[in-house]
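# Summary of the model geometry
Single-letter residue listing:
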Amino acid sequence: MADRVTVIGWDGSPLTAAARAALGAATLVAGAAHHLALPEVPPSAERIRLGSLALAARRIAAHRGTAVVLADGDPGFFGVVRTLRAPEFGLEVEVVPGVSSVAAAFARAGMPWDDAQVVVAHPRTLRRAVNVCRAHTKVAVLTSPGAGPAELGLLLEGVHRTFVVCEELGTEREQVGIVTSDKAADHTWRDPNLVIVIGGPAGAGESGGWIAGRDPGTGPRGWVQPDESYGAGPGGGLGEGETELLRAAQLARLGPRIGDLVWDIGCGSGAFATEAARAGAAVIAVDHDPAACARTDDAARRFGVQLQIVHGSAPHVLESLPEPDVVRVGGGGPAVVSAVADRRPQRIVTHAATRDAAERVGRDLTEHGYRVECALLQSVELDTRAWTETERNVAFLLSGVLPDRAP
């Protein structure tokens, strides 16, 4: 095992005295090509050009001497420190951090970033990173080849955002540009780059404060809000299948979370769509009724969440929408449920007024390969002054889980 491993973060500025001392004593230096070209790297040191971090870590662990790993920015923030400290390598490291690329990018833009979400986009995580950009008004995206500004812009179709693209930060070729998301694919971008994605109505809890990212403590407490919270706006009132307890059960079955894309088909008052967005998920709310779309937009603004609202009739309007993770079908019947199942989301939830209708939907979901559960939900509201019944609601709640995509 290496006698000593020092990880040095480099942000383009002159190396600190501690970094120079560590490099001067190094018998092995690992880093990217531009790191290994630094004049402070000893000519006699063994050099490893970083490609696979795991392979480099094995070579460092087997080295007998003093090792230094050079990395851009802060190596402890989505960086090499996590890999080097993995149990299979048994390395203890000292870290000399630089300014992280995220901090540098926001500094170039002259913006605070304590209220920003930070995500890493690789080809395998790109869709989830895009969903975070849909759901939040300020996101820093650490990109990679094949998952850069152009790909982000293409997948954000229908959602307007502004990109601050920072290319080759800390080098002589550094460049910072601003472009709208719909124009990002028209440019050729140099790697490495980082994208600050901003836009959408200012949301509650995104003004900074006591916690990094969006403050989860703003807005009223509770997964779902009382029915009367959605009674305002054009048309007013909740539609069939939008009662508070049914929405709570639907949210529990779907479990929307950060990085997910939720479809809410037949969004009605916007209650479910708003509550799924409050959980951090990206949400596309669909309804054929312009008044319902207006009510949904009003609810989103009042609760400070980001929604993409699509006016159109399902199932036809669904063909052009990006792939969902979980879906609530609030209207449209078996034909819409079947069309949704064809898109293979992880989970689907819907409701039916009768057992026969529930059975038809359940059979169709089973034929599509979903594991189906059905429960009869009955809620009775009481006036606690006289303990008399004031309202009764009954519905069959159906949920389908695709086993090969669970959870």
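What comes next is a walk through the structure.

Rules used in this analysis
Residues numbered from 1 in each chain as written. Predicted model: local features only at pLDDT ≥ 70, side-chain atom pairs only at ≥ 80, totals over all residues. Heavy atoms only, no water. Helix = DSSP H or I, 4+ residues; strand = E, 2+ residues; numbered from the N terminus. Contact = heavy atoms within 4.5 Å. Areas by Shrake-Rupley, 256 points an atom, 1.4 Å probe, with all protein chains shown as cover. Lys, Arg positive; Asp, Glu negative; His and termini not counted. Charge placed at Lys NZ, Arg CZ, Asp CG, Glu CD. Core = buried A, V, L, I, M, F, W, Y, C linked by side-chain atoms within 4.5 Å. Buried < 20%, exposed > 50% of the residue type's maximum accessible area, 1.4 Å probe, protein only. Pairing = 2+ DSSP bridges. Axes fitted to C-alpha atoms, helices over the stretch in contact; angles between N-to-C directions. Parallel < 35°, antiparallel > 145°, perpendicular 65-115°, else oblique. Left-handed = near helix turned anticlockwise from the far one by under 90°. Nonpolar A, V, L, I, M, F, W, Y, C, P; charged D, E, K, R; others polar. Right-handed = clockwise from strand over helix to strand, strands pointing away. Salt bridge = Lys/Arg side-chain N within 4 Å of Asp/Glu carboxyl O.

## What to know about the overall build of the protein
When helices and strands are counted, the protein shows 12 helices and 17 strands. For the protein, the C-alpha atoms occupy an extent of roughly 85 × 45 × 40 Å along the three principal directions. Taking contacts inside the protein between residues at least 6 apart in sequence as the whole, the part at least 24 apart equals 62%. With an accessible surface of roughly 19200 Å², the protein has 53% of that area assigned to carbon and sulfur atoms. Of the charged side chains in the protein, 39 are positive and 48 negative; the average position of the first set lies 4 Å away from that of the second.

## Description of the nonpolar core
Counting 27 residues, the largest nonpolar core has Trp-263, Ile-265, Val-329 and Val-340 as its most contacted members. When sequence neighbours within four positions are dropped, the list of residues in contact with Val-329 reads Ile-265, Val-336, Val-337, Val-340, Ile-348, Val-349, Thr-350 and His-351.

## Structural notes on the sheet that holds strand S5 (residues 93-96)
In space, the 5 strands of this open sheet follow the order S3-S2-S4-S1-S5, with parallel pairing throughout. Pairing within the sheet leaves two strands with one partner each, and these edge strands are strand S3 (46-49) and S5. When strand polarity is set aside, the average angle formed by the axes of neighbouring strands in this sheet is 20°. Sheet topology places strand S2 (residues 28-31) next to S3; 4 bridges connect them, and they run parallel. When the sheet's bridge partners are listed, Gly-31 is paired in S3 with Arg-49. Of the strands in this sheet, strand S1 (4-10), S2, strand S4 (66-72) and S5 are in contact with helix H1 (residues 17-24), which crosses S1 at around 135°.

## Focus: the sheet that holds strand S8 (residues 162-167)
Spatially, 5 strands are ordered S6-S7-S10-S8-S9 in an open sheet, and the strand pairing comes out mixed. Whereas interior strands pair on both sides, the edge strands pair on one side only; in this sheet they are strand S6 (117-120) and strand S9 (175-180). For this sheet the average axis-to-axis angle between neighbouring strands, irrespective of direction, equals 20°. The pairing of S8 with S9 spans 6 bridges and is classified as antiparallel. From the neighbouring strand, Glu-167 faces S9, where its bridge partner is Gln-175. Lying on the sheet, helix H5 (residues 101-109) is in contact with S6, strand S7 (138-142), S8, S9 and strand S10 (193-198); it crosses S10 at an angle near 60°.

## A short note on the packing of helix H8 (residues 244-254) against helix H9 (residues 271-278)
One can describe the packing of H8 onto H9 by two numbers: an axis separation of 11 Å at closest approach and a directional angle of 45°. Regarding the angle of H8 to H9, the classification is oblique. For the element pair H8 and H9, the recorded crossing hand is right-handed. Only Ala-271, Phe-272, Glu-275 and Ala-276 of H9 make contact with H8, whose side of the interface consists of Arg-247, Gln-250, Leu-251 and Leu-254. Its residues assigned to classes, the contact of H8 with H9 shows 5 nonpolar, 1 polar and 2 charged.

## Side note on H8
Among all positions in H8, only Leu-246, Arg-247, Ala-249, Gln-250, Leu-251 and Leu-254 are buried. In this structure, the buried residues of H8 make contact with H9, strand S14 (326-329), strand S15 (347-352), strand S16 (371-383) and strand S17 (388-401). Where H8 terminates, the next one or two residues include Gly-255, which has phi positive at roughly 60°.

## Some words on the pairing of S15
Of all 6 residues in S15, 5 are buried; the element is thus mostly enclosed. Where S14 meets S15, 4 bridges bridge the pair, whose relative direction is parallel. Across the sheet, the residue bridging to Val-326 is Arg-347, located in S15. Chirality of the crossover, the property in question, places the unit of S14, helix H11 (residues 333-342) and S15 among those that are right-handed. Bridging between S15 and S17 involves 6 bridges; their strand directions are antiparallel. Bridged to His-351 within S17 is Leu-397.

## Re the pattern of salt bridges
For the structure on display, the rule yields 19 salt bridges. Taking the shortest distance from any N to any O, the salt bridge between Asp-260 and Arg-128 comes out at 3.4 Å. A residue pair is termed long-range when its members are at least 10 positions apart, and Asp-260 in the loop between H8 and strand S11 (261-265) and Arg-128 in helix H6 (residues 126-135) qualify at 132 residues. Residue Glu-359 is joined to Arg-363 by a salt bridge in which the shortest nitrogen-to-oxygen separation is 2.6 Å. A residue pair is termed a helical-turn pair when its members lie 3 or 4 positions apart in one helix, as Glu-359 and Arg-363 do in helix H12 (residues 355-367) at 4 residues. For Glu-359, a relative accessible area of 35% puts it in the partly exposed group. With relative accessibility at 54%, the residue Arg-363 sits in the exposed group. Taken together, the salt bridges that share partners define one network made up of Arg-128, Arg-257 and Asp-260.

## So, the environment of His-288
Within the fold, His-288 resides in the loop between strand S12 (282-287) and helix H10 (290-303). For His-288, a relative accessible area of 55% gives the class exposed. The contact partners of His-288, leaving out residues within four places of it in the chain, are His-311, Gly-312 and Ser-313.

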